[in-house]
Every structure is written in structure tokens, then in C-alpha cells.
2 protein chains.
Amino acid sequence: MRESYTSSKEVSTLIMSASNPKIKQIKKLQQKKYRQKEQRFLVEGPHLVEEAIQAGRAESLLQSESAKPLAIETAMEPLLVSDEVMKGISATKTSQGWLAVCKLPDESLPTEGNLLFIDGVQDPGNLGTIIRTAEAAAIAGIIISEETVDPYNDKVIRSTQGAIFHLPIVRADLREQMIAQQQAGKVIIGTAMKGHHYREIDLESRDFGLLVGNEGAGVSNELLALTDENVTIPIVGQSESLNVAVATAILIYQWSNL
Amino acid sequence: MRESYTSSKEVSTLIMSASNPKIKQIKKLQQKKYRQKEQRFLVEGPHLVEEAIQAGRAESLLQSESAKPLAIETAMEPLLVSDEVMKGISATKTSQGWLAVCKLPDESLPTEGNLLFIDGVQDPGNLGTIIRTAEAAAIAGIIISEETVDPYNDKVIRSTQGAIFHLPIVRADLREQMIAQQQAGKVIIGTAMKGHHYREIDLESRDFGLLVGNEGAGVSNELLALTDENVTIPIVGQSESLNVAVATAILIYQWSNL
């Protein structure tokens with residue numbers, strides 16, 4: 001065992017025990033209920049940790065003893081932990097010795113810009129990829145239903161590649177939000193098995209709200225009945241449907257004129 | 001233990017041991033080297049097993065004792081196995097009691113139609129989603145580089161949602177194939193960080209070959225130098241790039257006029 005000591009220059013001590021109270025508290029944030037309770041979430045790996053710092057969202061940092069330095073400067077003093085402790089706390093093999101505790105943001109939707117409504121997407125990779133694409137195309141905000149996977153799940157965050165720090169994501173009642181956004185002048189468009197061809201929609205320069213649904217069931221009929229238009233992306237092969245992240249990307253890029 | 005017996009009407013006996021030689025041989029197909037050696041691969045779950053049967057690609061079937069019947073008729077007699085044996089043989093929790101052994105196809109590329117060239121995609125979900133989108137948009141064939149993940153990996157197959165049975169996927173030298181397809185009259189277009197805006201490309205009704213690359217590194221410079229054009233999809237947010245399956249989908253749908 002390596003000795004842990006603090007010299008006059010070293011302000012951090014090395015945490016070598018997984019039962020350290022701070023470590024135990026951080027590890028709990030891998031569970032959704034503790035993220036809700038503590039209003040905190042974790043990001044892992046140098047790239048995401050750097051994004052969190054630059055976005056002003058990192059509250060504290062953890063660095064394992066053998067981790068390489070970050071590529072950016074930060075005044076924050078990381079908590080030093082042994083490689084074993086880091087391994088125990090990481091959800092993945094990809095932490096590469098870096099972890100940040102971030103505050104769950106208190107998000108609100110902007111009044112201007114295009115929106116995305118997500119009705120029950122379950123796969124973390126799909127939700128993360130949708131967030132990444134939405135941010136790349138300057139979507140102003142995302143509203144997710146109660147049944148949608150937690151966006152602060154580590155797999156979702158990894159798939160966003162950091163985009164999660166750059167646009168508001170609000171969990172709310174989709175029905176209420178869709179009606180409110182229609183009253184505010186947005187065109188709300190749903191995705192359905194039978195709808196208009198997506199290239200036929202003329203937004204007349206208005207902002208849009210795109211509604212996409214669950215991997216298996218799609219958007220609920222109740223919500224589809226509320227939209228201004230419903231659209232379909234044509235399929236000319238034998239596949240029954242497109243992946244939801246793929247369909248969302250095709251529509252966002254079409255209507256954002258990108 | 002339940003007794004295993006054969007009545008006059010039952011032709012199959014129930015396999016209850018994981019060390020049964022047939023079972024051991026099938027389980028090996030979860031490894032790439034055995035798939036190559038045996039020229040066979042596995043699909044799991046009733047939906048994919050049905051797709052394999054309908055495509056004429058299932059060579060033998062495995063059914064666990066508690067599995068629900070398939071939704072389609074088949075003259076093939078499944079090998080009956082205990083739930084424990086099925087659990088041991090499945091790569092996933094999603095087999096739902098059904099598994100098919102399929103022959104690796106002896107694929108060749110068609111002379112007509114649009115093609116996709118894949119340079120080193122590593123994530124099974126990305127490759128599977130690309131295959132699913134390509135099939136939906138009637139891409140005629142896919143050429144993958146040596147470094148690309150095995151398309152007969154169970155995660156890839158699941159992400160294709162069965163599309164893997166409906167279009168040829170050939171592993172070959174991309175450089176040679178690109179040159180051959182150019183000589184055959186196709187426009188080969190690469191994806192790059194700096195290129196023409198993708199909507200500016202006029203294919204003049206010619207077939208295209210789209211070249212996409214690895215998640216981190218993109219397409220190799222050597223290959224980009226060989227293309228007729230290189231294009232970029234604009235990003236107006238802070239993201240550095242789009243997911244490769246998303247970018248591929250946007251381009252395929254744009255140029256297929258779908």
C-alpha cells in the first residue's frame with residue numbers, strides 16, 4: 001500500500017477507501033432516485049468533464065491517481081482517489097480517471113426557436129443521439145414525457161457527447177406543452193405511420209415543434225390528434241420503420257434548412 | 001428435474017445440458033473467429049428469427065421449453081432446449097426463447113444502384129442503424145473496410161432490426177472498390193470536416209457511393225483524396241460533429257430523393 005500524506009504543497013489527500021462517506025455519496029448518483037433527491041448527476045471521462053467545467057456546470061471533480069491532466073485549465077481542486085476507488089465509482093470503463101459531479105439545472109424553455117417533444121423514448125443511446133443532433137442543429141429546447149428515459153443516465157450523457165450542457169431539457173406534460181406552444185405560434189408536427197410526406201410540409205418561416213415517439217409504439221394517438229400536421233418519412237425497402245434518432249435527425253435537418 | 005421423453009407425436013427431445021455437443025458448437029458462434037470458421041452466425045429473438053426464416057437464411061432453429069410460438073408458419077423443426085440452456089447460449093436477455101443459426105451469405109454487389117462505403121465504424125449500434133437506414137432507403141449494397149466491426153455481431157444484428165437479411169454487405173478493400181465503382185460510372189462522395197455543403201451536390205441522376213468513417217477519426221485522408229466530391233453537414237450548435245449513423249441517414253435521404 002502506498003502511503004497517503006500531505007506535504008506543504010499538496011492540499012489534497014488521496015482517498016483510498018470506497019467506504020469514504022464522500023465516495024459513497026457520489027456513487028449513489030448512478031441511481032436515478034438519488035439524482036432526483038440530491039439534484040446532482042455524474043459525468044465521466046476527460047472530454048465530458050471538460051465540457052462540464054467549460055459550461056460552468058461542474059460542482060466538484062474527482063481524479064484518479066494515474067489520470068492524465070485535463071486538456072483545459074481549471075481553478076477547481078479535484079478530489080484525488082486511488083485507481084481502485086475510481087473503478088468502483090465509475091459506471092463505465094471510459095472514465096479514464098476523471099469524473100465530475102454536476103448540478104441538475106433548473107431549466108426553462110426559451111420563447112423563441114424550434115422545439116423537440118419526446119414521447120417515451122426508452123433507449124439511452126437513442127435519447128443521447130437525439131440531444132446531440134438537436135444541439136448541433138440549434139434546436140432551442142427539448143420537452144420529454146414522464147415515460148422517457150432519464151437524460152442524466154450515464155449512457156445518455158455519453159451519447160450526447162457533451163451537448164446535454166448546451167440546451168435546456170425539461171420534463172413536462174407533453175399535451176399541456178404542445179397546446180401552450182401552439183398558442184405561442186409554433187407549428188407542431190408529429191411523426192406517424194401514415195402522414196404527409198415530410199418534404200411537403202411548408203412551415204412558412206414559422207418556428208416548429210417536432211414530436212417523436214417511443215421505439216416500438218411511436219407517438220401516442222392522443223398526442224397525434226393534437227398536432228397541426230403529422231408526417232411520415234418514406235421507406236422503400238422492407239424495413240418497417242427507421243430508428244427514432246435517425247428519423248428525428250432527418251426531420252430536424254429538413255426543417256431547419258441546414 | 002422434468003423428465004425428457006419422446007411420445008409418438010413428438011420428434012424432438014428436450015436438451016437439458018449445456019455440454020451437449022450441438023449446444024457447445026452453437027454457443028461458439030458468439031465469437032467472431034468461429035463465425036468466420038464455420039461460416040455461420042446467430043440471431044436471437046422471435047422477430048429476427050422470423051425475418052431469418054422468411055429470408056430463407058435460417059439453417060436451424062432453437063426453441064426454449066417456455067417460448068411462445070412464432071407468429072409465422074415454418075416447416076423447420078426447432079431443437080428444443082431447457083430455459084437454462086437457452087439462457088446460457090444467448091448473448092442477450094432478449095432471445096425470448098428463440099434462436100436461429102444462419103449461413104453467412106456469399107454476397108456480391110449489384111451493378112446498379114447506390115452504395116455505401118464504411119471506413120472503420122466501431123460501434124455495433126451505429127453499424128446496425130446504418131444498415132437499417134440503408135435498407136429502408138433502398139441502398140443496393142454496403143462495402144465495409146477490414147477495420148469495421150463485424151456485421152454478424154449480435155448487437156449489430158439487433159440494431160439492423162432484420163435489415164441485415166435484405167441487402168448485400170461485403171468486406172473488401174475500400175480503395176479498390178471505390179476506384180472500380182467510379183469506373184462503372186458512380187459518383188463517389190466522401191464525408192469530411194471541410195467539404196461542400198451537402199445540399200449543393202448535384203448528382204445529375206447518376207448513382208452515388210457514399211463514404212462514411214470512424215466515430216472518432218472520420219474517413220481516412222487517403223480515401224478522401226480518391227472521391228469525386230467531399231461534403232460536410234453544417235453544425236450551428238457547439239457540437240463538433242454528428243453521430244455517424246445520423247450523418248449517414250441525412251445524406252442517404254437527401255440524395256435518394258426520399
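Residues numbered from 1 in each chain as written. Chains lettered and ligands numbered in written order. Predicted model: local features only at pLDDT ≥ 70, side-chain atom pairs only at ≥ 80, totals over all residues. Heavy atoms only, no water.

Bringing the pairing of strand β10 (residues 208-213) of chain A into the picture now. All names here are of chain A. The buried fraction of β10 is high, at six of six residues. What you see with β10 is no split at all: Phe-208, Leu-210 and Val-212 on one side and Gly-209, Leu-211 and Gly-213 on the other are buried throughout. Looking at chain direction, strand β6 (residues 115-119) and β10 are connected through five bridges and run parallel. Bridge pairing in β10 links Phe-117 to Leu-211. (Buried < 20%, exposed > 50% of the residue type's maximum accessible area, 1.4 Å probe, protein only. Helix = DSSP H or I, 4+ residues; strand = E, 2+ residues; numbered from the N terminus. Pairing = 2+ DSSP bridges.)

Here we take up the relation of the copies chain A and chain B. Mapping chain A onto chain B calls for a rotation angle of 180° and an axial translation of 0.0 Å; the resulting RMSD is 0.0 Å. In the structure described here, the two chain copies are related by an operation that fits a two-fold rotation axis. When you check the interface residues of chain A against chain B, 97% turn up at the interface there too, and the contact is symmetric in its surfaces. (Least-squares fit on C-alpha atoms with pLDDT ≥ 70 in both. Contact = heavy atoms within 4.5 Å.)

This next bit is on the interface of chain A and chain B. Facing the 30 residues of chain A at the interface are 30 residues of chain B. Buried area between chain A and chain B, summed over both chains or domains, comes out near 2,500 Å², and the portion from carbon and sulfur atoms is 54%. In this assembly, chain A and chain B are joined by zero salt bridges. If you look at where chain A meets chain B, you find 22 residue pairs in polar contact (both at pLDDT 80 or more). (Buried area = accessible area lost by both parts, 1.4 Å probe. Salt bridge = Lys/Arg side-chain N within 4 Å of Asp/Glu carboxyl O. Polar contact = N/O pair within 3.5 Å; in protein donor to acceptor, adjacent residues only side chain to side chain.)

What follows concerns the packing of aromatic side chains. If you walk through the whole model with that rule in mind, you get six aromatic pairs over all chains. Within the aromatic cluster, the residues linked to one another by ring pairs are Phe41(A), Tyr152(A) and Phe165(A). (Phe/Tyr/Trp six-rings, centres within 6.5 Å; stacked < 30°, edge-to-face > 60°.)

Next up on the list: the sheet that holds strand β11 (residues 229-232) of chain A. Residue and element names in this part refer to chain A. Pairing in this open sheet of six strands is parallel, and the strands run β8-β7-β6-β10-β9-β11 from one edge to the other. Lying at the two open borders of the sheet, with one neighbouring strand each, are β8 (169-171) and β11. Across the sheet, the axes of successive neighbouring strands diverge by a mean angle of 30°, strand direction being ignored. Against the sheet, helix α7 (residues 174-183) engages β6, β7 (141-144), β9 (187-197) and β10, with an angle of about 155° to β6. Lying over the sheet, helix α9 (residues 244-255) contacts β6, β9, β10 and β11, oriented at roughly 165° with respect to β10. (Axes fitted to C-alpha atoms, helices over the stretch in contact; angles between N-to-C directions.)

Residue and element names in this part refer to chain A. The sheet built from five strands is open, its strands ordered β1-β4-β3-β5-β2 with mixed pairing. For this open sheet the edge positions go to β1 (14-15) and β2 (40-44), each flanked by a neighbour on one side alone. Where helix α3 (residues 46-54) meets the sheet, its contacts fall on β2, β3 (58-64) and β5 (98-103), and the angle it forms with β5 comes to roughly 35°.

Next up on the list: the pattern of salt bridges. All names here are of chain B. Scanning the model with the defined rule gives ten salt bridges over all chains in all. In this structure, Glu-59 and Arg-40 form a salt bridge, with 2.6 Å as the shortest nitrogen-oxygen distance. Taken together, the positions of Glu-59 in strand β3 (residues 58-64) and Arg-40 in strand β2 (residues 40-44) put the pair 19 residues apart, joining distant regions of the chain. Owing to a relative accessible area of 34%, Glu-59 belongs among the partly exposed residues under this scheme. Among the salt bridges present, the one from Asp-207 reaches Lys-186, with a minimum N-O distance of 3.9 Å. Placement of the pair is Asp-207 in the loop between β9 (187-197) and β10 (208-213) and Lys-186 in the loop between α7 (174-183) and β9, with a sequence separation of 21 residues. Note on Asp-207: relative accessible area 27%, which makes it partly exposed.

Turning our eyes to something else, we now look at the domain arrangement of chain A. Residue and element names in this part refer to chain A. Taken domain by domain, chain A comprises domain 1 (14-103) and domain 2 (115-255). Between domain 1 and domain 2, the contact holds 15 residues from the first and twelve residues from the second. It is Arg-35, Phe-41 and Leu-48 that lose the most area in domain 1 upon contact with domain 2, and together they represent 35% of the buried surface on that side. Across the domain 1-domain 2 interface, the total number found is one salt bridge. Along the contact surface separating domain 1 from domain 2 lie four residue pairs in polar contact (both at pLDDT 80 or more). Within the residue set of the side of domain 1 that touches domain 2, elements represented by two or more residues are α2 (32-38), β2 and α3. Counting residues per element, the side of domain 1 that touches domain 2 draws most heavily on α3, at four residues. (Domains from an automatic or database assignment.)

Its 13 residues place the ends of helix α5 (residues 124-136) of chain B 18 Å apart at the C-alpha level, agreeing with the 18 Å of an ideal helix rising 1.5 Å per residue. Taking burial as the measure, the 13 residues of α5(B) include twelve buried ones, the bulk of the element. The complete set of buried residues in α5(B) reads Pro124(B), Asn126(B), Leu127(B), Gly128(B), Thr129(B), Ile130(B), Ile131(B), Arg132(B), Thr133(B), Ala134(B), Glu135(B) and Ala136(B). In this structure, the buried side of α5(B) is in contact with α9 of chain A together with β6 (115-119), β7 (141-144), α6 (154-160), β8 (169-171) and α9 (244-255) of chain B. For α5(B), the capping residue at the N-terminal end is Asp123(B), with a side-chain oxygen 2.9 Å from the backbone nitrogen of Gly125(B). Two residues or fewer after α5(B) comes Ala138(B), characterised by a positive phi angle close to 60°. (Expected span 1.5 Å × (residues − 1).)

What follows covers the packing of helix α5 (residues 124-136) of chain A against α9(A). Residue and element names in this part refer to chain A. Contact pair α5 / α9: the axes reach a minimum separation of 9 Å and the direction vectors enclose 10°. Our classification of the angle between α5 and α9 gives roughly parallel. The hand of the α5/α9 crossing is right-handed. Seen from α5, the contacting residues are Asn-126, Thr-129, Ile-130, Thr-133, Ala-134 and Ala-136; seen from α9, they are Val-244, Ala-245, Thr-248, Ala-249, Ile-252 and Tyr-253. Class assignment for the residues of the contact of α5 with α9 results in eight nonpolar, four polar and no charged. (Parallel < 35°, antiparallel > 145°, perpendicular 65-115°, else oblique. Left-handed = near helix turned anticlockwise from the far one by under 90°. Nonpolar A, V, L, I, M, F, W, Y, C, P; charged D, E, K, R; others polar.)

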